[in-house]
Amino acid sequence: MKVAVIGQGYVGLPLAKAASSAGHEVIGFDNDPNVINRLMVNEKNTINYRPTLLQSDINLCNIYIIAVPTPLTFSNKPDLSYLKSAAELIGTVAGEGALIINESTSYPGTLREIVEVTISNSNKSKLLYASAPERIDPANTKWDIKNTPRVVAGLNSEATKAALDFYRSFCDEVYAVSSPEVAEASKLFENTFRQVNIALANEFAQIAEKFGISANEIISASATKPFGFMKFTPGLGVGGHCIPIDPVYLEEKAQLLGAPTTFIKQATIINQQMPHYVLSRLKKITGDHLDGKKVCIVGLSYKKDVTDIRQSPSIELWKELEKQGCQVSFHDKLVESYNGTESVKLSENSFDLAVVAVRHSDLNIDELKKCARFLFDCTGTIEGILTL
Ligand SMILES: NC(=O)c1ccc[n+]([C@@H]2O[C@H](COP(=O)([O-])OP(=O)(O)OC[C@H]3O[C@@H](n4cnc5c(N)ncnc54)[C@H](O)[C@@H]3O)[C@@H](O)[C@H]2O)c1
């Protein structure tokens, strides 16, 4: 198959490479010249794969896959502008019989109401449409595109069959559902499930503090129960392109339909407030004297072993600390530089306070323990340091 993947970011590139390694001829299209220039160098030896900025390179492909961002607007509403522009582009280049697949995360009804409608406006050819939400977990060394089951549904049976055939060419397990709306909703439910359970652990950390006991120790004890329990731990909050955003997509559409969303809304609020809560813990351990203190945030990305800082709660903590008059720096060998500030070394006694927001695999614990007078660990993974 000749396959065009629209958007070559965290989702689109691994997908393009998986499809190319299965023998498809893959063109990775992105409208950001920096992305394409980087790929021209980094992926020049990837067989069956070609990155491009040119629309003419993706004329008349058999399959078009959308993998563009679905963020929130400034007023916290779903922003489908990237998705619509990708659909408009496909409308101008797709020929009769092409299969259009949406992998970008969005609310139920997006394929039918946005993607199909937009493409139909500019393309009269007979096209097939399917939804196959991406489940990639960056930096996960166990689960990848191949061994993570893929949920798929087409707008009709012909589209479902074509999409199943395509994903079976590089995924071990493909799970067909009855409609694209079910596929789209399942993705949102998965990430809402995480948002809600993380929020519960975060609220529980605040309860445990009042009891004078450690939430992490309690949760580890609960997790010894071999059935009916799944372990989620408290932390500085949630970040990245999925967990803080996807539940809002579900909430927005559900509200329009008059369905209750109290639980989802509350979970989002609890997780968003965690940097503020952590600040209150930092005030306590420093005797409420943060003004003028040298503070190092250890781990700036939104999770372990990734460079992605989108929606990272570490950035929110940074803002909170600056409001208290702290001199803030950060240590993160993966992020290296942020907003004109470079990652610093954890030299002995160089800070008043170090806060571990994210524990990357390469974090040197001995250096950490010597770098500051006060230490706080939001990850609950470092022995001998005060935690949530
Ligand atoms: N990052 C994750 O871990 C993850 C996991 C599962 C699902 N998703 C979902 O996948 C989608 C993509 O996320 P991502 O993290 O890969 O985003 P990303 O920002 O890493 O990559 C998106 C790419 O699309 C390009 N782009 C935007 N509009 C375009 C257009 N009209 N034409 C061509 N290229 C365009 C951008 O330049 C960018 O390179 C989102 O819906 C996200 O929710 C992300």
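Report follows, based on the coordinates.

Calculation criteria
Residues numbered from 1 in each chain as written. Predicted model: local features only at pLDDT ≥ 70, side-chain atom pairs only at ≥ 80, totals over all residues. Heavy atoms only, no water. Patch = residues over 30% accessible without salt bridge, like charges linked within 9 Å, V, L, I, M, F, W, Y side chains within 5 Å. Areas by Shrake-Rupley, 256 points an atom, 1.4 Å probe, with all protein chains shown as cover. Salt bridge = Lys/Arg side-chain N within 4 Å of Asp/Glu carboxyl O. Helix = DSSP H or I, 4+ residues; strand = E, 2+ residues; numbered from the N terminus. Near = heavy atom within 4 Å. Polar contact = N/O pair within 3.5 Å; in protein donor to acceptor, adjacent residues only side chain to side chain. Nonpolar A, V, L, I, M, F, W, Y, C, P; charged D, E, K, R; others polar. Core = buried A, V, L, I, M, F, W, Y, C linked by side-chain atoms within 4.5 Å. Buried < 20%, exposed > 50% of the residue type's maximum accessible area, 1.4 Å probe, protein only. Contact = heavy atoms within 4.5 Å. Disulfide = S-S within 2.5 Å. Phe/Tyr/Trp six-rings, centres within 6.5 Å; stacked < 30°, edge-to-face > 60°.

Some remarks on a nonpolar patch on the surface
A contiguous nonpolar patch, built from Phe189, Phe193 and Met230 and spanning about 330 Å² of accessible area, is present on the exposed surface. Tracing the backbone shows Phe189 in helix α6 (residues 180–211).

A word on the site of the ligand
For the ligand, the set of nearby residues contains 27 residues, the closest of which are Val11, Asp30, Thr70, Ser85 and Thr105. The backbone of Asn31 places a nitrogen or oxygen atom 3.3 Å from a nitrogen atom of the ligand. Bound to the protein, the ligand loses 92% of the 830 Å² it would expose on its own. With three residues, the top contributor of residues to the shell around the ligand is helix α3 (residues 81–93). Of the residues in the shell around the ligand, the class split is 13 nonpolar, nine polar and five charged.

A closer look at the nonpolar core
Grouped together as the largest cluster of nonpolar side chains are 33 residues, with contacts concentrated most on Ile6, Ile58, Tyr64 and Ile100. Those elements that provide at least two residues to this core are β1 (2–6), β2 (25–29), β4 (63–66), α3, α4 (110–122) and α8 (246–256). Counting residues per element, this core draws most heavily on α3, at six residues. Here Tyr64 is in contact with Ala4, Ile58, Asn59, Ile90, Val93, Ala94, Ala98, Leu99, Ile100 and Ile101, once residues within four sequence places are set aside.

Observations concerning the state of the cysteines
Under the criterion given, the structure shown has zero disulfides. With no disulfide partner, Cys296 has as its closest neighbouring cysteine sulfur the one in Cys371, 6.0 Å distant. Assessed through its relative accessible area of 0%, Cys371 is described here as buried.

Considerations on the side chain of Glu134
The residue Glu134 is located in the loop between β6 (128–131) and β7 (150–154) in this model. Judged by relative accessible area, Glu134 falls into the buried class, the value being 6%. In terms of polar contacts, Glu134 uses its side chain to reach the backbone amide nitrogen of Ile136, at 2.8 Å. Excluding its chain neighbours within four sequence positions, the residues that come into contact with Glu134 are Val11, Glu103, Ile145, Arg150 and Lys187.

So, the packing of aromatic side chains
The tally for this structure, following the rule as stated, stands at seven aromatic pairs. Seen from their ring centres, Phe166 and Tyr167 are 5.0 Å apart, and the 70° between their planes marks the pair as edge-to-face. Look at Trp318 and Phe330: their rings are 6.0 Å apart centre to centre, the planes differ by 45°, and that puts the pair in the tilted class. Within this pair, whereas Trp318 is found in helix α11 (residues 313–323), its partner Phe330 is found in strand β10 (residues 327–331), the two being separated by twelve residues in sequence. A single burial state applies to Trp318 and to Phe330, both of which are buried. Three or more aromatic residues link up through ring pairs in this structure, and these residues are Phe166, Tyr167 and Phe170.

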